[in-house]
Amino acid sequence: MKNLALPENFDHKNIDILKQFITETGKIIPARVSGISAPEQRKLTKAVKVARFLALIPYTDKQI
Amino acid sequence: MNHYELTLILNPDLASKFDPYKEHFESVLSQLGFNIHYCENVGIRELAYTIGINKKGHYLIYQLDGDPSNIKELETKIKYDNSVIRHLVLKIDTVTKSDSFLTQDTKEAKKRAEERAHEAKLKAQVQQQQKPAKSETQENERSSEEKKDEGSSGEENSHNKDETTSEKNESATEEQA
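A quick note: this is a predicted structure, and the numbers were derived from the prediction, not measured.

### Remarks on the side chain of Glu5(B)
(1) Moving on: Position of Glu5(B) among the secondary structure elements: in strand E1 (residues 2–10).
(2) Moving on: Within the local environment of Glu5(B), its side chain forms a polar contact with the side chain of Lys13(A), the two groups lying 3.0 Å apart.
(3) Moving on: Beyond its immediate chain neighbours, meaning those up to four positions away, Glu5(B) contacts His12(A), Lys13(A), Ile61(B), Tyr62(B), Gln63(B), Leu88(B), Val89(B), Leu90(B) and Ile92(B).

Written as structure tokens, this is what we have:
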């Protein structure tokens, strides 16, 4: 397990933190792999999905 | 009254029209009874994927206070606004009155891009200067190498001479003794 910088609250604007939890292809890394707790994973998922909608992080690497 | 965070992605081609557009938009907000706590002007960022034909977008984030009943009206107004390429209204617990990570990130990205452009310019200049002068410099290098060879061989000779002279001196001293 990597040493991850966990914030108090996941913010969709803080993309440096969110990028730790997505793969190169843009998928969200499962909590069983990253080792964060279930409540944290739920918050993270919401933040990632908002950030994707605002074109801050990609949905997939196939989009240009 | 609820707290809201309104994010707008504007068409990056607005440029000079941006300031009047922002004023106009803020007047619309106040007409609908929204209280603006903070406006974060992130600036033009590269989008993670293209939206329509846009590869870049001007991000604008508002921290608002307002009535939930007016949100729908606001959204319809934004929807028919051609200069907004994407928008999102989020209900939030507390209003933050400072710039987020995005503004900092955008500034850094801008700096990096400028530095890269500057370096590319310098490289191009150096290459242009080198091209006509290349043949001359090569010749100079060759001649200097030859000179070096000559110089080194000359030194060796002188060393040998010194040694022979010292030997002579030694023999002379022996004879004296």
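### Some remarks on helix H1 (residues 18–31) of chain B
Residues and elements named next belong to chain B.
(1) Moving on: Under the 1.5 Å per step criterion, the end-to-end length of H1 is 20 Å for 14 residues, consistent within 8% with the ideal 20 Å.
(2) Moving on: If you check which residues of H1 are buried, you get Phe18, Tyr21, Phe25, Val28 and Leu29. Taken around the axis of H1, the buried residues stretch over an arc of 100 degrees, which confines them to a single face. Exposed side of H1, more than 90 degrees from the buried face: Asp19, Glu23 and Gln31 are the residues found there.
(3) Moving on: On its buried face, H1 is in contact with E1, strand E2 (35–51), strand E3 (54–66), helix H2 (71–79) and strand E4 (84–92).
(4) Moving on: Immediately beyond the C-terminal end of H1, within one or two residues, lies Gly33, with a positive phi of roughly 80 degrees.

### Topic: the interface of chain B and chain A
(1) Moving on: Listed as interface residues are 20 residues of chain B and, on the opposing side, 16 residues of chain A.
(2) Moving on: Surface buried jointly by chain B and chain A totals about 1500 Å² across both partners, of which 67% is contributed by carbon and sulfur atoms.
(3) Moving on: Our count for the contact surface shared by chain B and chain A stands at 1 salt bridge.
(4) Moving on: Lys13(A) is paired through a salt bridge with Glu5(B); the nearest N and O atoms lie 3.0 Å apart.
(5) Moving on: In this structure, the connection of chain B to chain A is made through 7 residue pairs in polar contact (both at pLDDT 80 or more).
(6) Moving on: For the side of chain B that touches chain A, the elements supplying multiple residues, two or more each, are E1, E2, E3, E4 and helix H3 (101–176) of chain B.
(7) Moving on: No other element matches E2(B), which puts 6 residues into the side of chain B that touches chain A.
(8) Moving on: Taken together, the residues that form the side of chain B that touches chain A break down as 11 nonpolar, 5 polar and 4 charged.

### Concerning the pairing of E3(B)
Residue and element names in this part refer to chain B.
(1) Moving on: Taking burial as the measure, the 13 residues of E3 include 11 buried ones, the bulk of the element.
(2) Moving on: Pairing between E1 and E3: 9 bridges, direction antiparallel. Bridge pairing links Tyr4 to Leu64 in E3.

### Quick look at the confidence of the model for chain B
(1) Moving on: Looking at chain B as a whole, the pLDDT averages 81, with 74% of positions reaching at least 70.
(2) Moving on: Per-element averaging of pLDDT across chain B places H3(B) at the bottom with 68 and E4(B) at the top with 94.

Conventions we followed
- Position numbers for residues start from 1 in each chain and track the written sequence from start to end.
- The order in which chains are written sets their letters, starting at A; the order in which ligands are written sets their numbers, starting at 1.
- Per-residue local features are limited, in this predicted model, to residues with pLDDT of at least 70; the limit for side-chain atom pairs, both in listing and counting, is 80 or more; totals at the level of whole chains, interfaces and linings are taken over all residues.
- Heavy atoms throughout the structure, all of them, feed into the side-chain values; hydrogens and water do not.
- Numbered from the N terminus, helices here are DSSP runs of H or I no shorter than four residues, and strands are runs of E no shorter than two.
- The definition of a polar contact used here is a pair of N or O atoms within 3.5 Å, where within protein one atom must be able to donate a hydrogen and the other to accept one, and adjacent residues in sequence count solely through side-chain atom pairs.
- When checking whether two residues touch, look at their non-hydrogen atoms; a contact exists if any pair is within 4.5 Å.
- Here, expected helix span is obtained from the residue count minus one, scaled by 1.5 Å.
- Relative accessibility decides the category of a residue: with a 1.4 Å probe and only protein chains considered, values under 20% of the type maximum give buried, values over 50% give exposed, and everything between is partly exposed.
- The arc refers to the directions leading from the helix axis to the C-beta atoms.
- Summed over both partners, the accessible area lost on bringing two parts together, with a 1.4 Å probe, is the buried area.
- The working definition used for a salt bridge is a side-chain nitrogen of Lys or Arg within 4 Å of a carboxyl oxygen of Asp or Glu.
- Three classes are used: nonpolar for Ala, Val, Leu, Ile, Met, Phe, Trp, Tyr, Cys and Pro, charged for Asp, Glu, Lys and Arg, and polar for all others, with Gly counted as polar.
- Pairs of strands are assigned from DSSP output, requiring at least two bridges between the strands.
- As a per-residue measure, pLDDT tells how confident the predictor is, with possible values from 0 to 100.

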